[in-house]
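# Commentary on secondary and tertiary structure
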Amino acid sequence: MVAGQRVERRTAALATLLGVLFLTFLDTTIVSVTLGDMESDLSAGVIPLQWVINAYALVFASLMLTAGALGDRFGRKWVMFGGIVIFCAGSLMCAVAGAVGMVIAGRAVMGVGAAASEPGTLSVIRQLYPDRGERSRALGAWSAVSGLALALGPVIGGLLVGLGGWHAVFWFNLAVSLVLLYAVYAFVPDSREESAGRVDVAGFVLGTAGIGCVASGVIFGENHGYGSGLVVTLFAIGAVALLAFGPVERRVPNPMLDLRYLRQPIVDVALFAAFAVYFGVFAIFFFTALYLDIGLHYSGWALAGIFTPMAVAIVLGGLGAGRWVARTGSRVPMVAGCALAVAGTLQARIELDAGSGLTAWALAVALAITGLGFGITVVPLTSAVLSHIPGRHSGMAASATNTARQLGAVAGVAALGAIVNAHLVSAVNAYVALAPAGFSLGLGPKIVKILETGGTGSVDLSDIPAPFVHAFLGGLQTALLVAIVLIALAGIAAALVPEPAVRDELS
């Protein structure tokens, strides 16, 4: 009876952790469909609307490494609980906002809450399931839920906007957060590193500043250009902070990130794979969907039909990979997942090349193969980091994995956005040089922003000249190729690096 109660409580704890994960992942994509409604309601421009998305992603990426280490020191449950409280506050700020500046501030606060909450979803799993086999199956569920949340974000967001406008999205966030707040308090056990020692203040400052400045530089580069003074300064500060971070962490007695564990090749490969996979995920979810929507005028139902098989495949891949990793370890599933993701993305790239002659079902199949690869890869890369870093540092391991993943997402959207922008600007310049009759010179930059962000503004989508759509497709093709190369490199590295024996103890 006692054993049965223990299993039930552990299952309730896992369900709560997956709920927290679902909410924080959902908010990386759910807001994208609110921008049109927000644009008309708040009279917001394109750049402020971009920051409604970027503020969350930037703070989320910058603070996760710090939050995971704080969980190890002060209690993983209570750092997660505090993070959800902060997430509630940010959601409320957005829900009652009457100006876009307030929404951006609320989204930044939500990013703080998400950064504090999400590393705990992995580190507590490490504590709940010390056995590698059981842990791998739990990580399969973790991977499945993360993929499902990314895919359902636009769907749930669209339904909420239809029911109650953009404010409804943030009231939804608040309601779900309050339920999770109770569940974390009631079901999630607390754990901490008893010998954590003093807080590594220097490491926290340098790590947060370094990651924050680099991520900010990537994001600001979209609008200001990567050669602008602001962006160069951000990159320089970030580089100096990160270069100083290593020597500081090697000298302090209780480092935020113990660099000894990063000397293990399998851990390095897993972190690179996390970056590469989410780089590719957002390239596909964001830019492919934009091209089909703006360039080929696919309806919402048609987009759902194309992307739903991919979402289902991510879930199935994650669930299946959990059992696979439990039997064989991380290396083989990671290689296989990367190979499938490369094959699917390459096939999707070929299908998209047909332009208006695109066959929807063929693209859906290609994306489903890609999603299966993504779903399979996430479990072994996560398991590799958690299994090869001692359990007492599970917050550190979880935050390192999540930081790599989130940086991949930020870099994927921003860097690939720059590639798409370069193609579009070139097309605009070539088109304007032809001086077509009736084409306003001021319309070119507006169309570039529409194709980059999905906002419609005051431009009729039917007015977008065909050369611009072709240029967007060219940028998308290049972006997908970059994602393919990165994921392929991760798979090759995983194939070449041996996986050492796993230590499953928590000490």
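Given the structure is predicted, the values throughout are model-derived calculations rather than measurements.

Before going further, it helps to examine the overall build of the protein chain. Scanning the protein chain from terminus to terminus reveals 16 helices and zero strands. The proportion of buried residues among the 507 residues of the protein chain is 57%. Contacts in the protein chain between residues far apart in sequence, at least 24 positions, make up 84% of those at least 6 positions apart.

Turning to the environment of Val332, a few remarks are in order. You can see Val332 is positioned in helix H12 (residues 331-352). Each C-alpha atom, one on Val332 and one on Thr377, is 9.8 Å from the other, the two residues being 45 residues apart in sequence.

Summed over the entire model, instances satisfying the criterion amount to eight aromatic pairs. Summarising the aromatic geometry, the rings of Trp166 and Phe170 are spaced 6.1 Å apart at their centres and angled 80° between planes, so their arrangement reads as edge-to-face. Across the pair, Phe170 and Trp166 agree in class, each one buried. An aromatic cluster is built from Phe25, Trp142 and Tyr278, whose rings are joined through pairwise contacts. The positively charged end of Lys77 is found above the aromatic ring belonging to Tyr185, 5.5 Å away from the centroid. Over the aromatic face of Tyr278 sits the side chain of Arg405, whose NZ or CZ is 5.5 Å from the ring centroid.

The next point concerns helix H9 (residues 229-251). Across its 23 residues, H9 extends 34 Å between first and last C-alpha, which sits within 8% of the 33 Å expected from 1.5 Å per residue. Of all the bends found along H9, the most pronounced is centred on Phe245 and spans about 25°, while Pro247, a proline, follows it within four residues. Taken together, the buried positions of H9 are Val231, Leu234, Gly238, Ala241, Phe245, Gly246 and Glu249.

Moving on: empty space enclosed by the protein. Evaluated as defined, the whole model comprises four cavities of 30 Å³ or more. Within this model, the largest cavity holds a volume of roughly 60 Å³. Lining the largest cavity are Ser143, Ser146, Gly147, Leu150, Val277, Tyr278, Val281, Ile314, Phe374, Gly375 and Val378. The element that contributes the greatest number of residues to the lining of the largest cavity is helix H6 (residues 132-164), accounting for four residues.

This part covers the nonpolar core. Nonpolar side chains in soluble globular proteins tend to end up buried together. Judged by nonpolar contacts, the single largest core of 145 residues is most densely connected at Tyr291, Leu292, Phe307 and Phe374. Among the elements that take part in this core, helix H10 (residues 265-295) stands out by supplying 21 residues, more than any other. With residues near it in sequence (within four places) discarded, Phe307 still touches Ile284, Phe285, Thr288, Ala289, Leu292 and Leu367. Residues Trp51, Leu58, Ala215 and Ile219 belong to the second largest nonpolar core, which totals ten residues.

In this section: the confidence of the model for the protein chain. Mean pLDDT over the protein chain: 81, with 87% of residues reaching 70 or higher. Note that pLDDT drops below 50 for residues 456-461; the model gives that stretch twelve contacts with residues more than four away or on any other chain.

It is worth spelling out the side chain of Thr28 at this point. Residue position: Thr28 is located in the loop between helix H1 (2-26) and helix H2 (35-42). A polar contact of 2.6 Å, which involves the side chain of Thr28, links it to the backbone oxygen of Phe25. With sequence-adjacent residues up to four places away left out, Thr28 is seen in contact with Tyr56, Phe60, Leu150 and Phe282.

Quick look at a nonpolar patch on the surface now. Together, Phe272, Leu481, Val485, Leu489, Ile492 and Leu496 make up an exposed nonpolar region whose accessible area comes to about 550 Å². Looking at the nonpolar patch, the element that brings in the most residues is helix H16 (residues 466-496), giving five residues.

Looking now at the environment of Ala236. Relative to the elements of secondary structure, Ala236 occurs in helix H9. Along the primary structure Ala236 and Gly217 are separated by 19 residues, whereas in three dimensions their C-alpha atoms are 9.4 Å apart.

Here the focus is the packing of helix H4 (residues 76-95) against helix H5 (residues 100-128). With their axes 7 Å apart at the nearest point, H4 and H5 run at an angle of 155° to one another. Here H4 lies roughly antiparallel to H5, going by the angle between them. Here H4 and H5 pass one another in a crossing that is left-handed.

In this section: the layout of surface pockets. Roughly 430 Å³ of volume is contained in the second largest pocket. Forming the boundary of the second largest pocket are 18 residues, of which Ile211, Leu271, Thr403, Ala404 and Leu407 lie nearest the centre. For the lining of the second largest pocket, the secondary structure elements donating two or more residues are helix H8 (201-224), H9, H10 and helix H14 (394-433). Per-class residue counts for the lining of the second largest pocket are 14 nonpolar, three polar and one charged.

Per the stated rule, a full pass over the model turns up three salt bridges. For Asp27, the salt bridge identified is with Arg107, shortest N-O distance 3.0 Å. Placement of Asp27 in the loop between H1 and H2 and of Arg107 in helix H5 is noted, with a sequence separation of 80 residues between them. Here Arg107 falls in the buried class, since its relative accessible area comes to 1%.

With that settled, the discussion passes to the packing of H12 against H16. Orientation of H12 relative to H16, taken along the N-to-C sense of each, is 165°, at an axis distance of 9 Å. The orientation of H12 with respect to H16, classified from their angle, is roughly antiparallel. Here H12 and H16 pass one another in a crossing that is left-handed. Facing Arg331, Met334, Val335, Cys338, Ala341, Val342, Thr345, Leu346, Arg349 and Leu352 of H12, the residues of H16 in contact are Leu473, Leu476, Gln477, Leu480, Leu481, Ile484, Ile487, Ala488, Ala490, Gly491, Ala494 and Ala495. For the contact of H12 with H16, a count of residues per class yields 17 nonpolar, three polar and two charged.

Rules used in this analysis
Counting restarts for each chain, with residues numbered from 1 along the sequence as it is written. Side-chain atom pairs in this predicted model are given and counted only at pLDDT of 80 or more, local residue features only at pLDDT of at least 70, and totals for whole chains, interfaces and linings cover all residues. Calculated side-chain values reflect all of the structure's heavy atoms, with hydrogen atoms and water omitted. What counts as a helix is a DSSP run of H or I of at least four residues, what counts as a strand is a run of E of at least two, and both are numbered from the N terminus. Relative accessibility thresholds used throughout: buried, under 20% of the residue-type maximum; exposed, over 50%; partly exposed, between the two (1.4 Å probe, protein chains only). Only heavy atoms matter for contacts: two residues are in contact if any of them lie within 4.5 Å across the pair. Aromatic pairing here means that ring centres of Phe, Tyr or Trp (its six-membered ring) are within 6.5 Å. Orientation follows from the plane angle: under 30 degrees is stacked, over 60 is edge-to-face, and everything else is tilted. By definition here, charges over rings are those cases where NZ of Lys or CZ of Arg is within 6 Å of the ring centre and within 35 degrees of the ring normal. One less than the residue count of a helix, multiplied by 1.5 Å, gives the span that helix is expected to have. Across the chain, bend at a residue is computed as the angle between axes fitted to the seven residues ending at that point and the seven starting from it. Using a 1 Å grid laid over the protein atoms alone, points where a 1.4 Å probe fits but cannot get out form a cavity; open sets with protein on both sides within 12 Å along at least 5 of 7 lines form a pocket; any residue with an atom within 4 Å of a point counts as lining. Grid points are joined across faces, edges and corners, and a volume is the space filled by probe spheres set on the points. To form a nonpolar core, buried Ala, Val, Leu, Ile, Met, Phe, Trp, Tyr and Cys residues must be joined to one another through side-chain atoms within 4.5 Å. As a per-residue measure, pLDDT tells how confident the predictor is, with possible values from 0 to 100. Polar contacts, as counted here, are pairs of nitrogen or oxygen atoms within 3.5 Å of one another; within protein the pair requires one atom able to donate a hydrogen and one able to accept it, and residues that are adjacent in sequence qualify only if both atoms are side-chain atoms. Think of a patch as exposed residues, more than 30% relative accessible area, with no salt bridge, where like charges cluster within 9 Å and nonpolar side chains (Val, Leu, Ile, Met, Phe, Trp, Tyr) cluster within 5 Å. Here the open area of atoms and residues is found with the Shrake-Rupley method and a 1.4 Å probe, where only the protein chains shown may cover a residue. Salt bridge, as used here, is a side-chain nitrogen of Lys or Arg placed within 4 Å of a carboxyl oxygen of Asp or Glu. To obtain an axis, a line is fitted to C-alpha atoms, over the contacting stretch when the element is a helix, and the angle between two such axes runs from 0 to 180 degrees between their N-to-C directions. Roughly parallel covers angles under 35 degrees, roughly antiparallel covers those over 145, roughly perpendicular covers 65 to 115, and oblique covers all other angles. By the definition used in this description, the sense in which the near helix is turned from the far one sets the handedness, with an anticlockwise turn below a right angle giving left-handed and a clockwise turn giving right-handed. Just so you know the grouping, Ala, Val, Leu, Ile, Met, Phe, Trp, Tyr, Cys and Pro go in nonpolar, Asp, Glu, Lys and Arg go in charged, and all remaining residues, Gly too, go in polar.

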